[in-house]
Protein chains: 2
Amino acid sequence: MTAPPHRAHPAGPGRPSPDTQQGMRRRNLARVMHTVRAEGRLSRAAVASRIGLTRAAVSTLVDELVRWGLLEELGPERPGRVGRPGSALAVSSRGPAGIGAEIGVDHLAVCAVDLRGRVRSRAVRHVRDRARAAGPVLEQLTALVRQVVGEAETEGLWPAGLAVAVPGLVARDALTVVRAPNLDWHDIDLGGLLAVDMPLTVGNEANFGALAELWLDDRTPRDFLHVSAEIGIGAAVVVDGRLLRGTRGFAGELGHVPVRPDGPACACGGRGCLEQYAGEEAVLRASGLEPGENRVGLLADRAAQGDARVRSALTDAGTALGIALTGAVNLLDPESVVLGGALAELAPWLLPSLRAELARRTAGPACPVTVSALGPQGPLLGAAHSVVRGVLDDPAVVAERT
Amino acid sequence: MTAPPHRAHPAGPGRPSPDTQQGMRRRNLARVMHTVRAEGRLSRAAVASRIGLTRAAVSTLVDELVRWGLLEELGPERPGRVGRPGSALAVSSRGPAGIGAEIGVDHLAVCAVDLRGRVRSRAVRHVRDRARAAGPVLEQLTALVRQVVGEAETEGLWPAGLAVAVPGLVARDALTVVRAPNLDWHDIDLGGLLAVDMPLTVGNEANFGALAELWLDDRTPRDFLHVSAEIGIGAAVVVDGRLLRGTRGFAGELGHVPVRPDGPACACGGRGCLEQYAGEEAVLRASGLEPGENRVGLLADRAAQGDARVRSALTDAGTALGIALTGAVNLLDPESVVLGGALAELAPWLLPSLRAELARRTAGPACPVTVSALGPQGPLLGAAHSVVRGVLDDPAVVAERT
């Protein structure tokens, strides 16, 4: 799933690009894939009735998808139906896999997800020093990708692409990390540094976390704001099931929304940004704790044990989140706000003041705030699933590549 | 242009709705209309080469559009070209017209715009008392619509639909005004109260103002934030050429973004909202002026004359706008911010502090802020053009209606 290129003005529903038979066929191939995937096990006739095409048209599409290894025939359907029993179809458990990777501040992770959405292989490396040159980090990541791909291949899978989640701003080319302050990376072209032989996409971890929420949790609405944190605070705006990327690809910088305009100076150039009140370093400082390893776990443990200073710091962070989210909710009118990543782990102590602040500043019912069930797994899963989605949304790319 | 209904979860590119020949034909009819409209005067062959379809296919589409009165034949093209001269086509100056209406706090306005985008008829009524029951206002508006439609009909036009811009929140049914504080309207169903015999859409004035900016000014990018004011402050978020409406249709409430979280109480339930610093009443109060008629004109006159108190009030309003926009820009990453409506009139005195505040809070180059050339005409024009766009984007609706 490559980010769409920035389109020149003007386009729109009537823009002059031809709508061809070929385009229609590709979209119908996608409809067949999504329909079979959603229901798990379907006959050709059932697919035809679900998507409103003739049985003959669907059979032609299915034959192609079977030939490409994207669908498999499970044998005759259970008897007892009228007419000749059709063969049931399912999405293949072999064939293409999405490879997801995550570059965290203190870990690297890679996983392979098949077309059915199951994680088939996974590897994690913990690393100690935060600021490391991109070269060695990406060498280590390349090795990890090769290990996971090797494991997946022994199960009959092949890598359809690699998506990498990074804690920073990614250019709209979906390859260049423009700025990742917590890695101390600037203008790093992952396309040149990752030695992998498959299509590559790089994206912001908050964006991939939001997509995971959208794709993997049925309770997630199609319009929501996903707020997450590792060290910084990031957000992702999902509108009608699509990520809002922004002109430069930088949308979702909730951490730099001014909360108290005369507050402390922030590295972004601003003052009193949300990150100065609810960012990890600010919360650790207010808690009287030293930055170190497993910082979020430490805060959660202390808060669970009833440490008054930590609890008070998290309450204040929740209030600041509530102020920033009031602005975001007024601007975007999302159906809900989802707390993910480290914020999900700390939610029990952030939510009361956060919700109170939102309610206090809203005349009607306040926007609901929920907690991600995926937590810190979101970005890695979202990355891998974005590759899988790319295949489901346009299965013909597989034929072009093989 | 009706707001899309709120779609049930889940949909997406592969959702099971059939992609039919009929749908393809409708989209290609739209491509022909947009192509001819963009270039003004084109032969069938030129249209075919622009949109990548065969000349035979385009001829069939064109014949239909001519029969429906949407395109007209201008006679043979100028000679000197190779081959038999083709007849040049143009968008019809008769046929369907978009009717736009605006319910302002102290005026009602209606206009008719033809498919070429020209205003063909217009009427305005100034009204004095701000809070009036919806019934009499809508009776007066109905009469004004009939007058404008009557004038348009004498020129061979017929009304394809009516779009009404209101200074308030509109439900996603695009008919019900949920809340218009400055009219003192709550839950008013315009569908039942406007006695007009044509498709009706109701929308927020800031949204229509943003669409006018997008459609009528070539300099406008496809990703921008439009900020406008009559009495309240509203904004509209345009992403990739489409309006972001929000779950309930309430997106764009920039006026209630907290600027100073402990500031004065606001009617929305919040504290220190932007409207408390940059709203018309706040600025009039800080200027030592009484609310009255033509309030924006009064502020602009006094500021132009060098009134220090008015200038200082506008500078402070610009600063508050800069703080709220810093948050919005961080969240949305738009290509630009456009000031429209009353803010366009006051821009000379708002912009210096607004731009300084944005720059002060941004590490890199700050988001550019420009001033609308349409100013207070934006919402009315945007409403009328939204109906015209509806015809251009799906010309077949005309055949279904006539």
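Residues numbered from 1 in each chain as written. Chains lettered and ligands numbered in written order. Predicted model: local features only at pLDDT ≥ 70, side-chain atom pairs only at ≥ 80, totals over all residues. Heavy atoms only, no water.

As recorded in an unreviewed UniProt entry, chain A goes by the name NBD/HSP70 family sugar kinase, listed as coming from Streptomyces griseoviridis. Recorded under Sequence similarities (unreviewed entry), the UniProt text for chain A is reproduced unchanged: "Belongs to the ROK (NagC/XylR) family." (UniProt positions renumbered as here; feature names shortened; annotations may be inferred.)

Here we take up the overall build of chain A. From N to C terminus, chain A includes 13 helices and 16 strands. Rg of the C-alpha trace for chain A: 23 Å, near the compact-globule value of 21 Å for 402 residues, within the 12% margin. Projected onto its principal axes, the C-alpha positions of chain A cover 70 × 50 × 50 Å. Of the roughly 16,000 Å² of accessible surface on chain A, a fraction of 52% belongs to carbon and sulfur atoms. Averaging the positions of the 44 positive and the 44 negative side-chain charges in chain A gives two centres separated by 6 Å. (Helix = DSSP H or I, 4+ residues; strand = E, 2+ residues; numbered from the N terminus. Rg over C-alpha atoms; globule rule 2.2 N^0.38 Å. Areas by Shrake-Rupley, 256 points an atom, 1.4 Å probe, with all protein chains shown as cover. Lys, Arg positive; Asp, Glu negative; His and termini not counted. Charge placed at Lys NZ, Arg CZ, Asp CG, Glu CD.)

Turning our eyes to something else, we now look at helix α8 (residues 280-287) of chain B. All names here are of chain B. For α8, the complete set of buried residues consists of E280, A282, V283, L284 and S287. Against the buried residues of α8 lie α7 (275-278), α9 (295-304) and α10 (308-332). In the segment just after α8, G288 is the residue with positive phi, at about 75°. (Buried < 20%, exposed > 50% of the residue type's maximum accessible area, 1.4 Å probe, protein only. Contact = heavy atoms within 4.5 Å.)

Its rotation angle being 180°, the transformation that places chain B on chain A also includes 0.0 Å of axial translation and leaves an RMSD of 0.0 Å. Seen this way, the second copy is the image of the first under a two-fold rotation axis. Of every C-alpha in chain B, the one belonging to B:R260 sits nearest the axis of rotation, 3.1 Å from it. (Least-squares fit on C-alpha atoms with pLDDT ≥ 70 in both.)

Let us look at the interface of chain B and chain A. Every contact between the two is made by 71 residues of chain B and, on the other side, 70 residues of chain A. At the boundary of chain B with chain A, total buried surface from both sides reaches about 5,700 Å², with 49% on carbon and sulfur atoms. Counting across the interface, chain B meets chain A through four salt bridges. The shortest N-O distance in the salt bridge between B:D333 and A:R248 comes to 2.8 Å. Taken together, chain B and chain A are joined by 22 residue pairs in polar contact (both at pLDDT 80 or more). Looking at the side of chain B that touches chain A, the elements with two or more residues in it are α1 (21-39), α2 (44-51), β13 (233-239) and α10 of chain B. For the side of chain B that touches chain A, the leading source of residues is α1(B), giving eight residues. The class makeup of the residues in the side of chain B that touches chain A is 27 nonpolar, 23 polar and 21 charged. (Buried area = accessible area lost by both parts, 1.4 Å probe. Salt bridge = Lys/Arg side-chain N within 4 Å of Asp/Glu carboxyl O. Polar contact = N/O pair within 3.5 Å; in protein donor to acceptor, adjacent residues only side chain to side chain. Nonpolar A, V, L, I, M, F, W, Y, C, P; charged D, E, K, R; others polar.)

Next up on the list: the pairing of strand β4 (residues 95-103) of chain B. Residues and elements named next belong to chain B. Most of β4 is tucked away: nine of the nine residues are buried. Examined bridge by bridge, β4 and strand β7 (residues 157-166) share eight bridges and lie parallel to one another. Bridging across to β7, G95 finds its partner in L157. Examined bridge by bridge, β4 and strand β5 (residues 107-114) share seven bridges and lie antiparallel to one another. Residue pairing for β5: I103 is matched across the bridge by L108. With antiparallel pairing between neighbouring strands as the criterion, β4 and β5 make up a hairpin whose turn holds three residues. (Pairing = 2+ DSSP bridges.)

All right, on to the domain arrangement of chain A then. Residues and elements named next belong to chain A. Here chain A is described as being made up of domain 1 (21-91), domain 2 (96-210 + 379-401) and domain 3 (218-372). Between domain 2 and domain 3, the C-alpha centre-to-centre distance is 26 Å. When the two sides are added together, the surface that domain 2 and domain 3 hide from each other amounts to roughly 1,600 Å², 49% of it contributed by carbon and sulfur. Where domain 2 touches domain 3, the interface holds one salt bridge. A salt bridge links D106 to R295, with the shortest nitrogen-to-oxygen separation between them at 3.7 Å. Across the domain 2-domain 3 interface, the total number found is one residue pair in polar contact (both at pLDDT 80 or more). Where the side of domain 2 that touches domain 3 is concerned, the elements lending two or more residues are β8 (169-170) and α6 (205-216). Looking at the side of domain 2 that touches domain 3, the element that brings in the most residues is α6, giving five residues. (Domains from an automatic or database assignment.)

Looking at soluble globular proteins, one finds that nonpolar side chains tend to be buried together. Grouped together as the largest cluster of nonpolar side chains are 92 residues, with contacts concentrated most on A:V227, A:L254, B:V227 and B:L254. Residues within four places of B:L254 in sequence aside, it is in contact with A:L331, B:V227, B:A235, B:L274, B:A324, B:L325 and B:A328. Grouped together as the second largest cluster of nonpolar side chains are 45 residues, B:A109, B:A163, B:V387 and B:A396 included. (Core = buried A, V, L, I, M, F, W, Y, C linked by side-chain atoms within 4.5 Å.)

All right, on to the environment of A:L350 then. Within the secondary structure layout, A:L350 lies in helix α11 (residues 341-360). Discounting residues that sit within four places of it in the chain, A:L350 has contacts with A:L314, A:A317, A:G318, A:L321 and A:L343.

What follows covers the sheet that holds strand β15 (residues 336-339) of chain B. Residue and element names in this part refer to chain B. An order of β14-β13-β12-β15-β16 is seen for the five strands of this open sheet, with the pairing classed as mixed. Either end of the sheet is taken by a strand with one partner, and the two such strands are β14 (242-243) and β16 (369-371). Here strand β12 (residues 224-229) runs beside β13; their pairing, made up of six bridges, is antiparallel. Opposite V227, over in β13, you have A235 as the bridge partner.

Turning our attention to the sheet that holds β4(B). Residue and element names in this part refer to chain B. Overall, mixed pairing links the five strands, which are arranged β6-β5-β4-β7-β11 in an open sheet. Here the strands that pair on one side only, and so sit at the sheet edges, are β6 (119-126) and β11 (200-204). Averaged over neighbouring strand pairs, the angle between their axes works out to 20° when direction is ignored. Docked against the sheet, helix α4 (residues 134-153) engages β4, β5, β6 and β7, running at close to 25° with respect to β5. Strands β4, β7 and β11 of the sheet are contacted by helix α6 (residues 205-216), whose axis makes an angle of about 95° with β11. (Axes fitted to C-alpha atoms, helices over the stretch in contact; angles between N-to-C directions.)

Moving on: the pairing of strand β6 (residues 119-126) of chain A. Residue and element names in this part refer to chain A. Relative to β6, strand β5 (residues 107-114) runs antiparallel, the two sharing seven bridges. Note that in β6 the partner of H107 across the bridge is H126. The loop that links β5 with its antiparallel partner β6 comprises four residues; one of these, G117, has a positive phi angle of about 95°.

This paragraph deals with the environment of A:A265. Residues and elements named next belong to chain A. Following the sequence through the fold, A265 ends up in the loop between β14 (242-243) and α7 (275-278). Sequence separation between A265 and V124 is 141 residues; the distance between their C-alpha atoms is 36 Å. Discounting residues that sit within four places of it in the chain, A265 has contacts with G270, R271 and Q276.

With that settled, the discussion passes to the packing of α9(B) against helix α11 (residues 341-360) of chain B. Residue and element names in this part refer to chain B. It is the contact of α9 with α11, at a shortest axis distance of 10 Å, that shows an interaxial angle of 15°. Classified by the angle their axes make, α9 and α11 are roughly parallel. At the point where α9 passes α11, the crossing takes the left-handed sense. Along its contact with α9, which presents V296, L299, A300, A303 and A304, the element α11 presents A342, E345, L346 and W349. (Parallel < 35°, antiparallel > 145°, perpendicular 65-115°, else oblique. Left-handed = near helix turned anticlockwise from the far one by under 90°.)

Residues and elements named next belong to chain B. Relative orientation of the contacting elements α1 and helix α12 (residues 378-393) amounts to 125°, with a least axis distance of 7 Å. Looking at the two axes, α1 sits oblique to α12. Contacts between α1 and α12 pair A30, M33, H34 and R37 from the former with H385, R389, L392 and D393 from the latter. Its residues placed into classes, the contact of α1 with α12 shows three nonpolar, two polar and three charged.

Glancing now at α4(B). All names here are of chain B. A rise of 1.5 Å per residue sets the reference length of α4, with its 20 residues, at 28 Å; its end C-alpha atoms lie 28 Å apart and thus fit the reference within 8%. Within the sequence span of α4, burial applies to A134, V137, L138, L141, T142, L144, V145, V148, V149 and A152. In this structure, the buried residues of α4 make contact with β4, β5, β6, β7, β10 (185-189) and α5 (190-193). (Expected span 1.5 Å × (residues − 1).)

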